[in-house]
Amino acid sequence: MKLGVVGLPNVGKSTLFNAITCAGAQAANYPFCTIEPNTGVVAVPDARLDVLAEMYHPEKYTPAVLEFVDIAGLVKGASKGEGLGNKFLSHIREVDAIVHVVRCFEDENVIHVDGSVDPARDIETIQTELVLADIETVTKRKDKAEHLLKNGDKKYALEVETANILLKHMDELKPARTAPLDKEQREVAESWFLLTMKKVVYAANIGEDDVGKDEDSLPLVCKVKQIAAGEGSQVLVICAKLEEEIAQLEPDEKQEFLEEMGIGKSGLDRLVTLGYALLGYISFLTAGPKEVRAWTIVNGTKAPQAAGKIHTDFERGFIRAEIVSYEDLVREGSMNACKEKGLIRSEGKDYVMKDGDVTLFRFNV
């Protein structure tokens, strides 16, 4: 579960990463200050766990987590090895989704690698490099598939077909994720681990003076939103500098500060929650005096496979899942009260887990 934080040099990537993880990645006012990707793990905010912890006073409290990777700034020509390109393209290939930080603030004291602030140009620069790298990958796949097809192996016809659609689409410098592929073709494309098949959240990094303003009144943010809408991506408006300051506060101070600013949730909490959803994840919960915990599963996971997240024996010897909804448990106050009212369901092997299911697995090995 990795989200890669990318963008041009000096757009606020490392500042945002510092805020996310409090890991202290170096943030300096020149390109390539982040040479090795910094990695940090951050908890996914889940108010349900806090409520369950109040109910059970557990020995352990374990939230779901996401891993963020701070990847050094790309520049024009990265796909051909310019700057530190090849190395960082390989780092992007290893993540599950991308947080693309886009500079949406003016500051004469912070150098821009292209001399001026233009979110549309910056997005195009990064996207072009990723698309060019993908064209190279798909071309190699196509050449290999065509060779095997000529030798009589008909199963490679789908690969050639998929490659042709992708290459025509990407020749216009459009990302692979927006290519007109059917289900089978998309499965083939996803097996190639293309950079531009990955889902993207654009983090529109605004200045402190713009915090609290109507997002649609900020011209630079509107440019980012327009591009994201065209490709079905998400946008999160965030002030990385302010978030870094918030992240250093104690929990009580943080909440007080957010209330003073008129902000319900910090930008980081929103980013982590959005990233979790972007990857198609949900959480089922376990609760008791020993531990209150959120377990990460892909949306659509069935009960035995969810049980296997806790221990392989749970999946192997699965009998049933005893489930109560989080809302019912909190309203009734205890599992016993839920049992008396018939609110605990017994689910079998075909049950598809839902977000917030409070679960006890029965198994026999």
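Cut-offs and rules
- Residues numbered from 1 in each chain as written.
- Predicted model: local features only at pLDDT ≥ 70, side-chain atom pairs only at ≥ 80, totals over all residues.
- Heavy atoms only, no water.
- Helix = DSSP H or I, 4+ residues; strand = E, 2+ residues; numbered from the N terminus.
- Expected span 1.5 Å × (residues − 1).
- Buried < 20%, exposed > 50% of the residue type's maximum accessible area, 1.4 Å probe, protein only.
- Contact = heavy atoms within 4.5 Å.
- Polar contact = N/O pair within 3.5 Å; in protein donor to acceptor, adjacent residues only side chain to side chain.
- Patch = residues over 30% accessible without salt bridge, like charges linked within 9 Å, V, L, I, M, F, W, Y side chains within 5 Å.
- Areas by Shrake-Rupley, 256 points an atom, 1.4 Å probe, with all protein chains shown as cover.
- Salt bridge = Lys/Arg side-chain N within 4 Å of Asp/Glu carboxyl O.
- 1 Å grid on protein atoms, 1.4 Å probe; cavity = no way out; pocket = protein on both sides within 12 Å on 5 of 7 lines; lining within 4 Å.
- Points joined across faces, edges and corners; volume = space filled by probe spheres on them.
- Nonpolar A, V, L, I, M, F, W, Y, C, P; charged D, E, K, R; others polar.
- Pairing = 2+ DSSP bridges.
- Phe/Tyr/Trp six-rings, centres within 6.5 Å; stacked < 30°, edge-to-face > 60°.
- Lys NZ or Arg CZ within 6 Å of the ring centre and 35° of its normal.
- Axes fitted to C-alpha atoms, helices over the stretch in contact; angles between N-to-C directions.

Student: How would you summarise helix H5 (residues 157–170) if you had to cite specific residues and measurements?
Tutor: Taking 1.5 Å per residue as the helical rise, H5 with its 14 residues ought to reach 20 Å, and the 20 Å between its terminal C-alpha atoms agrees with that figure. Listed as buried for H5 are Val160, Thr162, Ala163, Leu166, Leu167, His169 and Met170. Along its buried surface, H5 packs onto helix H4 (119–150) and helix H6 (183–190).

Student: Pulling in residues and values, what's your account of the environment of Arg345?
Tutor: Within the secondary structure, Arg345 is located in strand S11 (residues 345–347). A sequence separation of 14 residues divides Arg345 from Thr359, and the C-alpha atoms of the two residues are 9.7 Å apart. The residues contacting Arg345, other than those within four sequence positions of it, are Ala321, Glu322, Ile323, Ser325, Tyr351 and Asp357. At a separation of 2.9 Å, a polar atom in the side chain of Arg345 contacts the side chain of Glu347.

Student: Give a description of a nonpolar patch on the surface that names residues and reports values.
Tutor: Residues Met1, Val41 and Val65 make up a contiguous nonpolar surface patch of roughly 220 Å² in combined accessible area. Judged by relative accessible area, Val65 falls into the partly exposed class, the value being 33%.

Student: Quick rundown of the layout of surface pockets? Include the residues and the values.
Tutor: The space that makes up the largest pocket amounts to roughly 920 Å³. Looking at side-chain class alone, the lining of the largest pocket contains 25 nonpolar, six polar and 10 charged residues.

Student: Break down the pairing of strand S6 (residues 199–205) for me, with residues and values.
Tutor: Every regular strand shows the same layout, with side chains that alternate between the two sheet faces. Taken across its seven residues, S6 has six buried, putting it largely inside the fold. Relative to S6, strand S5 (residues 97–103) runs parallel, the two sharing seven bridges. Paired with Ile98 across the bridge in S6 is Val200. Relative to strand S7 (residues 234–238), S6 runs parallel, the two sharing five bridges. Each bridged residue has a counterpart across the sheet, and for Ala203 the counterpart in S7 is Leu236.

Student: An account of the packing of aromatic side chains is requested, with residue identities and associated values reported.
Tutor: In total, this model carries five aromatic pairs according to the counting rule given. When the centroid spacing of 5.8 Å and the interplanar angle of 50 degrees are considered together, the rings of Tyr276 and Tyr281 count as tilted. Within the aromatic cluster, the residues linked to one another by ring pairs are Phe284, Trp295, Phe318 and Phe361. Between the NZ or CZ atom of Arg293 and the centre of the ring of Trp295, over which it lies, the distance is 3.8 Å.

Student: Any details on the pairing of strand S4 (residues 65–70)? Residues and values, ideally.
Tutor: Two strands pair when backbone bridges link them, and strand S1 (residues 2–6) and S4 are joined in this way by four bridges, in the parallel orientation. By the bridge assignment, Gly4 is partnered in S4 with Val69. Relative to S4, strand S2 (residues 38–43) runs antiparallel, the two sharing six bridges. Of the residues in S4, the one forming a bridge with Asn38 is Asp70.

Student: Could you give an account of the sheet that holds S6, naming the residues involved and the relevant values?
Tutor: Within the open sheet, the six strands sit side by side as S2-S4-S1-S5-S6-S7. Their pairing is mixed. Both edges of this open sheet fall to S2 and S7, since each of them pairs with a single strand only. Adjacent strand axes in the sheet meet at a mean angle of 25 degrees, parallel and antiparallel pairs treated alike. Contacting S1, S2, S4, S5, S6 and S7, helix H10 (residues 267–278) crosses the sheet at an angle of about 165 degrees to S7.

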